[in-house]
Amino acid sequence: MSQTNEKMKRKPKKSEPAKPAAQENAAPGTRPDLAEHVRSFIAEWTVTILLLVFGTATLLQAFVVPTSSMEDTVLIGDHMIVDKLAFSPHSGYAGYLLPYTEVKRGDIIVFKYPVNPKENYVKRVIGVPGDRIHLSNRELYLNGRKMSEPYVVHKVPYPNEYRDNFPLAPPDGLVMERGMEMLQTNVQNGELVVPPGYYYAMGDNRDNSLDSRYWGLVPRENIVGKPTIIFWSYDASTEALTDPNFISLDHLLDIATHFFSKTRWKRTFLLVRGYPLG
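Okay, so let's go over this structure.

1. Re the sheet that holds strand β7 (residues 145-146)
Here is step 1 of the chain: Overall, antiparallel pairing links the five strands, which are arranged β7-β6-β5-β9-β8 in an open sheet. For this open sheet the edge positions go to β7 and β8 (187-188), each flanked by a neighbour on one side alone.
Here is step 2 of the chain: By the bridge criterion, two bridges tie strand β5 (residues 132-136) to strand β9 (residues 191-193) in an arrangement that is antiparallel. If you follow Ile133 over to β9, its bridge partner there is Leu192.

Okay, structure coming up:
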């Protein structure tokens, strides 16, 4: 009798409303929201793209070498990372916090070509403001002293008066208008005197380099930065890397076909270093 009374005293359970199928399948404590996922995806990629744009515009820049003027230090097809902060002008507290340096003799620089600023060139700084420079039989003299340049190569067997004896020898037909102005304005006692705000740059492949001997001095504001590392080196021609269509289809096909065989693997992650002069 007592067991029967206990059963009668128990209150019947209230029926709970049926849960939607989507909630039954969802993990506990979560509510799928497609709009939220889309907003999160867009926000993440927006930040990523902004960081990439900011980094490319202000910090680092990829640069591919299209000519042989810096052989054998830098080769055609070397893809380099350029540090754009290295030579930034000092200003405020940033000048003490960030690794800015002055442009020095022997530094390898990437700069806007003075004749056509849309093009970037890579050369070695030979002279800074105030330096006196001349060549004699291919040998460099800086401020009256003969320099040792272990990075220089000579691949042309025949001599050239102007190229090998700058600036005393008469200019040849390759000298451009800016170069002629430099010779008329900045040569004293048989030497080029680098004026304030400018730099004298030459290629390491000294016999096959159109450089300051021919188109004049590099303005300080044209210097983009310092190449730091070669992240990929591919054996390509100057024609393929200077195609007016930016990237030629032939070059892309060549990479797809010969990527492994024409990549210079030993140059991957090779550091680009200057050499102190003077």
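2. Looking at the nonpolar core
Side chains that are nonpolar tend, in soluble globular proteins, to be buried together.
Here is step 1 of the chain: Ile126, Ile133, Leu140, Phe166, Tyr200 and Leu277 are the most contacted members of the largest nonpolar core, which totals 20 residues.
Here is step 2 of the chain: For this core, the secondary structure elements donating two or more residues are β5, β6 (139-142), α6 (177-186) and β10 (198-202).
Here is step 3 of the chain: If we ignore the near neighbours within four places in the chain, the residues touching Ile126 are Arg105, Asp131, Ile133, Leu140, Leu142, Glu149, Tyr151, Tyr200, Ala201, Met202, Arg206 and Leu277.

3. Concerning the environment of Asp78
Here is step 1 of the chain: Relative to the helices and strands, Asp78 resides in strand β2 (residues 78-83).
Here is step 2 of the chain: Classification of Asp78 as buried rests on a relative accessible area of 0%.
Here is step 3 of the chain: For the pair Asp78 and Ser233, spaced 155 residues apart in the sequence, the C-alpha separation amounts to 4.2 Å.
Here is step 4 of the chain: Every residue in contact with Asp78, bar those within four places of it in the chain, is listed here: Phe63, Val64, Val65, Ile230, Trp232, Ser233, Arg264 and Arg267.
Here is step 5 of the chain: Reaching out from Asp78, the side chain makes a polar contact with the side chain of Arg267 at a distance of 2.7 Å.

4. Regarding the environment of Gly144
Here is step 1 of the chain: The topology assignment puts Gly144 in the loop between β6 and β7.
Here is step 2 of the chain: Spatially, the C-alpha atom of Gly144 lies 8.7 Å from that of His134, the residues being 10 residues apart in sequence.
Here is step 3 of the chain: Non-local contacts of Gly144, meaning those with residues more than four positions away in its chain, are made with Arg132 and Glu191.

5. A word on the side chain of Asn186
Here is step 1 of the chain: Here Asn186 lies in helix α6.
Here is step 2 of the chain: Exposure remark for Asn186: the relative accessible area of 15% places this residue in the buried category.
Here is step 3 of the chain: Here Asn186 is in contact with Glu191, Leu192, Val193, Pro195 and Leu217, once residues within four sequence places are set aside.

6. A look at α6
Working note: α-helix, 3.6 residues per turn, so residues spaced by three or four point in the same direction.
Here is step 1 of the chain: Residues of α6 that are buried include every one of Gly179, Met182, Leu183 and Asn186, and no others. Projected down its long axis, α6 carries its buried residues within an arc of 110°, all on one side. Turned more than 90 degrees away from the buried face of α6 sit Glu177, Gln184 and Thr185, all of them exposed.
Here is step 2 of the chain: Buried positions along α6 lie against α5 (161-164), β8, β9 and α7 (212-215).

7. What to know about the side chain of Ser69
Here is step 1 of the chain: The topology assignment puts Ser69 in the loop between β1 (60-64) and β2.
Here is step 2 of the chain: You can call Ser69 buried: its relative accessible area is 6%.
Here is step 3 of the chain: At 2.8 Å, the side chain of Ser69 forms a polar contact with the side chain of Lys123.
Here is step 4 of the chain: What Ser69 contacts, discounting residues up to four positions off in sequence, is Val122, Lys123, Gly203, Asp204, Asn205, Asn208 and Ser209.

Conventions and cut-offs
Residues numbered from 1 in each chain as written. Predicted model: local features only at pLDDT ≥ 70, side-chain atom pairs only at ≥ 80, totals over all residues. Heavy atoms only, no water. Pairing = 2+ DSSP bridges. Helix = DSSP H or I, 4+ residues; strand = E, 2+ residues; numbered from the N terminus. Core = buried A, V, L, I, M, F, W, Y, C linked by side-chain atoms within 4.5 Å. Buried < 20%, exposed > 50% of the residue type's maximum accessible area, 1.4 Å probe, protein only. Contact = heavy atoms within 4.5 Å. Polar contact = N/O pair within 3.5 Å; in protein donor to acceptor, adjacent residues only side chain to side chain. Arc of directions from axis to C-beta.

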